[in-house]
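Okay, here's what each chain looks like letter by letter:
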Amino acid sequence: MRQFLGSITRRERRFAAAGTLITLLVLVPVVAVADPGLVPGTPAQSATEQAVDAARGDSCRDTLPADTPDYVVCRWLTPPQDAAAVAAFWGADGGANLEQAQPLPAQYVRCNRKTDLSTSTTCKGGTTFCRQLPSGWYQCTDETNGKVTYERYVNGKKQVQSTPPPSPSTTTSSTTWPTSSPTPSSPDTASTPLPTPTPPDETLPPDGNPPDAGTPTTDPTTPSASVPTVTAEPTASTTPTTPEPGNGAADGDFIATAKKARLRIWLESDLADDYLAGDTAFTAALQQLVTDAKRTDVTGVKFADNLAYTGFSTEQQVIRFLNRATQALRAALPGKRLAIGVVVPELGCGDSQPCITGLRKRAPLVTKQHVNRYLRAGDVDRVEIAGGLFGRTYRQYQVTDPKTGKPTSITPALATRAQWMSVKALEWDTLAQIGVREYGLAHTGDTSPWTMAQATAQIEARIGTAIGLGASTITLWGHKATADGQTYRLLNAGLADNPTWNGLTGQGLRGRLAVVIDPTSTERGAADIVHYAKGVSEIFILI
């Protein structure tokens, strides 16, 4: 540059300086006001960038590569241009808005004085640490002066007191389990029992793999000749996942193996039958579950499966069971997550009113209205909705195909789509983490009859559809599970891989998949877990 300036005359240097000044004063402001959101070639009238609008048809899938698989979860959280405003809202006032948004975590920290945490990394006036007590109250300690208060939110309003709240132990027996409520098996005199359910002609779980399951088409009138034929379909009215009493040492070995395989560990025991059997049976089952779940490497417990599909006679009875179980488990297992499983047959019917009416009669205590009340009354963190059931029943009814506009029988893909559209409409995903317990990928016999193409079609129809519409996790049922004299498998006998398993592991879904294993029914004992750890990140161990 110095050589260049030395080679030109003083007059030329003056012209160069003048040109630079004109550029800074005139051209730079013009460039600065150009809309950064405009893409070359867009009309001039698009002077400002428009916010993303799902109602207008905008989709975050538009930003993904064309070859992105359908099962990849894609839903707008916040448009990029609004992200800063959202961060400011949640960070303002020392996180006050975040604190008022329920439910609160088991432990949290807040600022003592109003602080905009979106612009500051330090709380004004220090911080207060709050942890949840078994009673549901939070013990909050000011880390600046050591002052302790007790707080909770009731119907959105904050309650604060300086004295400790009553301990749950004041209302429980010496065994620490509530016994003040009536014996669960007692009839409900305050409410009128619902009509006796129509005996199911197919039961839980699963209804097997339907004859047209392997064909990718939604037209049931033209099934592929190569589609495998189902040899049997369970007919028992109770869930077959209930194990015989397990060996404590064996259960511990399974937990240790799952931990070594870096799996999130859940323990599962259906307490509903024990509750209906009376206080003695319920207390014993509850204590056994708590004893096993107190291990630090256990994430949580699932204490009910296919809740109220059978056994219970009134809605109030179900809610009392949920309240009693969750209160006892929260008190005995602080910090552990709680889960239940539900089956809501009508959700797969879509807009077919005859289908809805028929399935409501089959199990009147698990209509969507009833289950909606259960979820809002029960204090649980995770809910697994049964999927892959009632295939033969659904195919007896027709809905309008969303792609062709023509009437078509309800296929697995259409039933899954209808189920998850209903879950979102009912806002159940705002109450708990909602996942699927999928029964439709298991097969009877030693070897899966599906080809790779058929397995892929089933994965797309069931798992891809559910994840695409918001299912957070998929729990696979069918690892050497027994139902109605049939043995169901996900893998082939002897832990041999098959097209279904290869299709699942090939999709990169490990973080969203879980598996159910009964220690009393395995191929090679705890070694089964090591094999599944290649494709799943969670395990439910039946105890």
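Note that the structure is predicted; figures quoted are calculated from it, not measured.

**Overview of unusual backbone geometry**
With the exception of glycine, the majority of residues adopt a negative phi angle, and the majority of peptide bonds are in the trans configuration.
Right, so step 1: Unlike most non-glycine residues, Asn-306 shows phi in positive territory, near 50 degrees.
Right, so step 2: Backbone geometry places Ala-308, a non-glycine residue, at a positive phi of 70 degrees.
Right, so step 3: For Ala-308, the location among the structural elements is in the loop between β7 (300-302) and α8 (315-332).

**A closer look at the packing of aromatic side chains**
Right, so step 1: Per the stated rule, a full pass over the model turns up 13 aromatic pairs.
Right, so step 2: With a centroid separation of 5.4 Å and an interplanar angle of 50 degrees, the aromatic rings of Trp-477 and Tyr-488 are classed as tilted. Linking Trp-477 in the loop between β14 (474-476) and β15 (481-483) with Tyr-488 in strand β16 (residues 486-489), this pair joins segments that are 11 residues apart in sequence.
Right, so step 3: Relative to Tyr-532, the ring of Trp-501 lies with its centre 5.2 Å away and its plane at 85 degrees, an arrangement referred to as edge-to-face. One end of the pair, Trp-501, is in helix α14 (residues 499-505); the other, Tyr-532, is in helix α15 (residues 527-532), with 31 residues separating them in the sequence.
Right, so step 4: An aromatic cluster is defined as three or more aromatic residues linked by ring pairs; in this entry it consists of Tyr-275, Phe-282, Phe-303, Phe-312 and Phe-321.
Right, so step 5: Over the face of the ring belonging to Phe-540 we find Arg-437, whose NZ or CZ atom lies 5.0 Å from the ring centre.

**Here we look at the pattern of salt bridges**
Right, so step 1: Under the definition given, this model contains 19 salt bridges.
Right, so step 2: Glu-151 is the salt-bridge partner of Arg-110, the closest N and O atoms lying 2.7 Å from each other. Here Arg-110, found in strand β1 (residues 107-111), pairs with Glu-151, found in strand β4 (residues 148-154); they are 41 residues apart in sequence, far enough to count as distant.
Right, so step 3: With relative accessibility at 15%, the residue Arg-110 sits in the buried group.
Right, so step 4: Residue classification places Glu-151 among the buried positions, given a relative accessible area of 5%.
Right, so step 5: Between Arg-295 and Asp-297 there is a salt bridge, and its shortest N-O distance comes to 3.3 Å.
Right, so step 6: Take Asp-297: its relative accessible area is 17%, and that puts it in the buried class.
Right, so step 7: Shared partners join several salt bridges into a network, and the residues in it are Arg-264, Glu-268, Lys-302, Asp-305, Arg-382, Glu-384, Arg-437 and Glu-538.

**Focus: the sheet that holds β4**
Right, so step 1: Judged by pairing direction, the sheet is antiparallel, and its 5 strands sit side by side in the order β1-β2-β3-β4-β5 without closing on themselves. The open sheet has two edge strands with one neighbour each: β1 and β5 (157-161). Shown here is a sheet whose adjacent strand axes are inclined to one another by a mean of 30 degrees, direction ignored.
Right, so step 2: Bridging between β1 and strand β2 (residues 127-132) involves 5 bridges; their strand directions are antiparallel. Residue Arg-110 lies in a different strand from β2, and its bridge partner there is Thr-128.

Rules of the game
Residues numbered from 1 in each chain as written. Predicted model: local features only at pLDDT ≥ 70, side-chain atom pairs only at ≥ 80, totals over all residues. Heavy atoms only, no water. Helix = DSSP H or I, 4+ residues; strand = E, 2+ residues; numbered from the N terminus. Phe/Tyr/Trp six-rings, centres within 6.5 Å; stacked < 30°, edge-to-face > 60°. Lys NZ or Arg CZ within 6 Å of the ring centre and 35° of its normal. Salt bridge = Lys/Arg side-chain N within 4 Å of Asp/Glu carboxyl O. Buried < 20%, exposed > 50% of the residue type's maximum accessible area, 1.4 Å probe, protein only. Pairing = 2+ DSSP bridges. Axes fitted to C-alpha atoms, helices over the stretch in contact; angles between N-to-C directions.

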